[in-house]
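This is what each chain is made of:
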Amino acid sequence: MDIAILNSRVFTGDQTRPWAEGVYIKDGKVAAVGSTAEIQAMCTRGTRIFELPGRLVTPGIVDAHLHFVSFGLYLERVDLRDLSSIAACRERVRTAAAQKTAGDWIIGRGWNEHIWTDRREPSSKDLDDLAPNHPVMLVRCCGHTVWLNSMAMRLAGITRETVDAPGARIERDVSGHPIGLCREYRKIIEKVIPPPTLEERKAAALRAQAEALRYGVTGVHTCETLAEWDALAAAETEGQLRIRVHHTLPPEEVERAKARGIELGKGSDRLWFGQVKLFADGTLGSGTALLHAPYSDDPSQTGLECLTASEMQDRVEVAYRHGGDVAVHAIGDLATTNVLDAIAGARKKFPGPKRDRVEHVQLMHPADFARFRTMNVVASCQPVHLHTDMFVAEKKWGMDRCRYGYAWKSMLREGVKVQFGSDAPVEHINPLLSFHAAMARQNAAGEPANGWFPIERLTLEETIHAFTTVPAWTSRKEGQLGSLTPGKIADVTVFAQDLATLQPQELPVTQVELTMVGGEIGYRRE
Ligand SMILES: [Zn+2]
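One structure accompanies this document, and this report is about it.

Re the packing of aromatic side chains
Next up, step 1: By the definition in use, this model includes 15 aromatic pairs.
Next up, step 2: Plain terms: the ring middles of Trp 452 and Phe 453 are 4.8 Å apart, the flat faces sit at 85° to each other, and that makes the pair edge-to-face.
Next up, step 3: Each member of the aromatic cluster is reached from another via a ring pair, and the members are Trp 397, Tyr 406, Trp 408, Phe 420, Phe 435, Trp 452, Phe 453, Phe 467 and Phe 495.
Next up, step 4: Lying across the ring of Trp 19, Arg 9 places its NZ or CZ 4.0 Å from the centre.
Next up, step 5: A cation over an aromatic ring shows up here: Lys 477 above the ring of Trp 272, its NZ or CZ 4.2 Å from the ring centre.

Right, here's the structure in full:
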């Protein structure tokens, strides 16, 4: 069916014609953009017409960094986000324990001691009386620190005698007993949690998809593993996958994927294997982001290095050898420098055009802006993190370094390609949370009044580009996706209000009117 959008504000993302009033969609593709009169002239009796005055139409929003199936699983987990005390977290765990059979794991997410009135980190003592027959693992908002009860520690084999795994840390009391707080230990604990079945993962993918479409997201770049790929592939086989998924995989899975016909840069138009995903360091909140100079609040620490320089380069070469590119997690400034070094080293051995990306880039060393540009590496950032991170960053990194923290405008000014995502389930998938953070640089309470380093604020157009044209380029799909250009696939997001007319604090609560993938309606506001 043909579709016409009329009388709207259309941001095309196409530099030859950035703004228009209408779009005509035929056979799942953009047939024309133009004035309302021009689009109206193309309509026939069978055209479905949407008159959308006061709305903002954009190319389909792509969330360029999240964990999609995990997000779907998370939607069913104990939600500890935004709670203001340990007591409030305990209440949620108590409710969950009452609903589960003995022995079942209780998994929660999103606690953040920085916003608690308790002013302390939690321990197993805060959980043991609540759920004596359930192992409990509560993941911090950063995803890297876990809070466990005694039963979970017992099942995971964490005792006084346990030696810290490399790059990880078990917090202990003065006598060496683990207190129920472990950093970078989640993978080890997850080994003893029964994994979700394929059916459960597929249900999670569909739950995540419904939520994504509701928030105007037509495509995602997901950082997960073959198990999640299988769930998405199963959904696609059953004709249930509507969103476009650019999938990354860890380097250890590249060979196994290939043996099954899943190759870098290949797939369907709904699900493809995009890049190899690596980790260079930890996070800001856990104090594990790798820094050039010591932490301001703890001069004995510079963070955790996940891989040595040669290990990192080896893994980058795995991607290049298979004809692909890499996406590397780097939050601290030294981690980013190390990633650029590894990429530069690997490219000497495997020349040719690459579309590599560094994930997060929360703190930049000023010397690295130019390297991003000359190496044409994408900075893949999640503005929404700023809401919770800015004051933590001031404390841990100090004001001088923070000048180049979350420095998206500087990146653009220096000619760096910048793309945006949510990092769901670390944050919610709603892209307008990141629009708000990128454009206002304030937290939900509107602080600081002029924005945090307001010189780094972005315009609406810059923010939309980071959610549309740039992720299309990163996926090597800029010929089909990323802008409303005649001939491209009709992935379209319609916001219920023209975002350009809103106050910053109104952005996160603005609804989506319509989400279209390939000219098919994936969501429509009631
Ligand atoms: Zn992530």
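Here we look at the coordination of the zinc ion
Next up, step 1: Here the zinc ion is held by His 65 (NE2), His 67 (NE2) and Asp 423 (OD), and the distances to it run 2.1 Å.
Next up, step 2: Read in sequence order, the donor residues for the zinc ion give the motif H-x1-H-x355-D. For the residue pair His 65 and His 67, the accessibility class agrees, reading buried in each case.

Focus on the sheet that holds strand β3 (residues 19–20)
Next up, step 1: Read from one edge to the other, the open sheet built from 6 strands follows the order β3-β2-β7-β22-β23-β24, with strand pairing classed as mixed. The two strands at the open ends of the sheet, each matched to only one other strand, are β3 and β24 (520–524).
Next up, step 2: Pairing geometry for strand β2 (residues 9–11) and strand β7 (residues 56–59), over 2 bridges, is parallel. Across the sheet, Val 10 pairs through a bridge with Val 57, a residue of β7.
Next up, step 3: Contacts from helix α15 (residues 460–467) reach β2, β3 and β7, with the element oriented near 40° to β7.

Comments concerning the pattern of salt bridges
Next up, step 1: Taken as a whole and judged by the stated rule, the model has 36 salt bridges.
Next up, step 2: A salt bridge links Glu 456 to Arg 403, with the shortest nitrogen-to-oxygen separation between them at 2.6 Å. Separated by 53 residues along the polypeptide, Glu 456 in the loop between α14 (431–440) and α15 and Arg 403 in the loop between α12 (386–402) and α13 (408–413) bring together distant segments of the chain.
Next up, step 3: For Glu 456, a relative accessible area of 0% puts it in the buried group.
Next up, step 4: A relative accessible area of 21% means that Arg 403 is categorised as partly exposed.
Next up, step 5: Two residues, Glu 513 and Arg 525, come together in a salt bridge whose shortest N-O distance is 3.0 Å. With Glu 513 in strand β23 (residues 512–517) and Arg 525 in the segment after β24, this pair connects stretches of sequence that are 12 residues apart.

Quick word on the side chain of Ser 380
Next up, step 1: As for its placement among the helices and strands, Ser 380 is situated in strand β20 (residues 378–381).
Next up, step 2: Since its relative accessible area comes to 0%, Ser 380 is described here as buried.
Next up, step 3: Each residue touching Ser 380, except ones within four places of it in the same chain, is listed here: Ala 64, His 65, Arg 357, Val 358, Glu 359, His 360, Val 361 and Gln 419.

Notes on the pairing of β20
Next up, step 1: Burial of the side chains of β20 extends over both faces: Val 378 and Ser 380 are buried on one face and Ala 379 and Cys 381 on the other.
Next up, step 2: Relative to β20, strand β19 (residues 357–360) runs parallel, the two sharing 3 bridges. Its bridge partner lying in β20, Arg 357 is registered against Val 378.
Next up, step 3: Following the backbone out of β19, through helix α11 (residues 368–375) and into the adjacent parallel β20, one traces a crossover that is right-handed.
Next up, step 4: Pairing analysis gives 3 bridges linking β20 to strand β21 (residues 418–420), with the strands arranged parallel. Paired with Ala 379 across the bridge in β21 is Val 418.

Considering the packing of helix α9 (residues 309–321) against helix α10 (residues 333–349)
Next up, step 1: Closest axis-to-axis distance for the α9/α10 pair is 9 Å, and the angle between their directions is 50°. With respect to their mutual orientation, α9 and α10 come out oblique. Along this stretch, α9 crosses α10, giving a crossing that reads as right-handed. Residues Met 312, Gln 313, Val 316, Glu 317 and Tyr 320 of α9 pack against Asn 338, Val 339, Ala 342, Ile 343, Gly 345, Ala 346, Arg 347 and Lys 349 of α10.
Next up, step 2: Of the residues assigned to the contact of α9 with α10, the class counts are 7 nonpolar, 3 polar and 3 charged.

Topic: the environment of Leu 433
Next up, step 1: For Leu 433, the position within the fold is in helix α14.
Next up, step 2: For Leu 433 and Ala 445, which are 12 residues apart along the polypeptide, the C-alpha to C-alpha distance reads 13 Å.
Next up, step 3: When sequence neighbours within four positions are dropped, the list of residues in contact with Leu 433 reads Val 384, His 387, His 428 and Pro 508.

Focus: unusual backbone geometry
Next up, step 1: Following Ala 424, the chain continues into Pro 425 via a peptide bond in cis, with omega recorded as 5°.
Next up, step 2: Inspection of the secondary structure puts Pro 425 in the loop between β21 and α14.
Next up, step 3: The omega torsion of the bond from Glu 447 to Pro 448 falls at -15°, within 30 degrees of zero and hence cis.
Next up, step 4: As for its placement among the helices and strands, Pro 448 is situated in the loop between α14 and α15.
Next up, step 5: The residue Val 361 is not glycine, and still its phi comes out positive at about 40°.
Next up, step 6: Residue placement: Val 361 occurs in the loop between β19 and α11.
Next up, step 7: Although it is not a glycine, Arg 476 sits at a positive phi angle of roughly 60°.
Next up, step 8: Within the secondary structure layout, Arg 476 lies in the loop between α16 (469–474) and β22 (492–495).
Next up, step 9: Note on Arg 476: relative accessible area 39%, which makes it partly exposed.

The rules we used
Residues numbered from 1 in each chain as written. Predicted model: local features only at pLDDT ≥ 70, side-chain atom pairs only at ≥ 80, totals over all residues. Heavy atoms only, no water. Phe/Tyr/Trp six-rings, centres within 6.5 Å; stacked < 30°, edge-to-face > 60°. Lys NZ or Arg CZ within 6 Å of the ring centre and 35° of its normal. Donors = N, O, S within 2.8 Å, 3.2 Å for Na, K, Ca; no water. Buried < 20%, exposed > 50% of the residue type's maximum accessible area, 1.4 Å probe, protein only. Pairing = 2+ DSSP bridges. Helix = DSSP H or I, 4+ residues; strand = E, 2+ residues; numbered from the N terminus. Contact = heavy atoms within 4.5 Å. Axes fitted to C-alpha atoms, helices over the stretch in contact; angles between N-to-C directions. Salt bridge = Lys/Arg side-chain N within 4 Å of Asp/Glu carboxyl O. Right-handed = clockwise from strand over helix to strand, strands pointing away. Parallel < 35°, antiparallel > 145°, perpendicular 65-115°, else oblique. Left-handed = near helix turned anticlockwise from the far one by under 90°. Nonpolar A, V, L, I, M, F, W, Y, C, P; charged D, E, K, R; others polar.

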